[in-house]
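Structural overview for review
One-letter residues, chain by chain:
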Amino acid sequence: ELLAYTSYRWRAPYARDGQTVERSSGQYVESGVRAAVPWGLGRDLIVSTDLRWHSGLGVDQGLPTAGVASAGITAGLQFSRGLTAIQPYARLQGGALQQRAVLVETAKSSFFSIGGGLVVVTRF
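Structural notes, computed from the coordinates. If you're wondering where the values come from, they're calculated on a predicted model, not measured in any experiment. (Residues numbered from 1 in each chain as written. Predicted model: local features only at pLDDT ≥ 70, side-chain atom pairs only at ≥ 80, totals over all residues. Heavy atoms only, no water.)

**A word on the environment of His 54**
Along the chain, His 54 falls in strand 5 (residues 43-54). Those residues within four positions of His 54 in sequence are excluded, and the remaining contacts are Gln 27, Tyr 28, Val 29, Glu 30, Gly 67 and Val 68. One polar contact links His 54 to Glu 30, side chain to side chain, over a distance of 3.5 Å. (Helix = DSSP H or I, 4+ residues; strand = E, 2+ residues; numbered from the N terminus. Contact = heavy atoms within 4.5 Å. Polar contact = N/O pair within 3.5 Å; in protein donor to acceptor, adjacent residues only side chain to side chain.)

Structural data, given as structure tokens:
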């Protein structure tokens, strides 16, 4: 199994009291690849990677409106039996956040994270 994807989204500017708010639009690009490689009867090795870029919004200097550039990698296993599959995984991600300002250069803040989880899939 091999899946490749790319997504581009544009956020339209919004209006407040009938006036369009400057710097309230943004762009979002995400791309990635996910592969499931057979690794025995009822088991698959799952590997994926992704890239993300968000322009951020210039309406304020808060964290929710910051731009981001990041990359991540995920590895896990899939155990299948009948119509159910269980997928434990681990994930590494890193990148940088930066406020979108018009007139001044803003500082970048780097981040790195390690995480994990469990996905349960059933088909019917």
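Anyway, onward from the coordinates.
**A few points about the side chain of Arg 91**
Within the secondary structure, Arg 91 sits in strand 7 (residues 84-98). One polar contact links Arg 91 to Asp 50, side chain to side chain, over a distance of 3.0 Å. When neighbours within four sequence positions are excluded, Arg 91 is seen to be in contact with Asp 50, Gly 72, Ile 73, Thr 74, Ser 113, Ile 114 and Gly 115.

**A few points about unusual backbone geometry**
Non-glycine residue Asp 17 carries a positive phi angle of around 55°. Along the chain, the position of Asp 17 falls in the loop between strand 2 (15-16) and strand 3 (19-20). Its relative accessible area of 76% is what places Asp 17 among the exposed residues. Notably, Arg 23 is not glycine yet its phi reads approximately 60°, a positive angle. (Buried < 20%, exposed > 50% of the residue type's maximum accessible area, 1.4 Å probe, protein only.)

Purely geometric stuff here, so don't read any function into it on its own.
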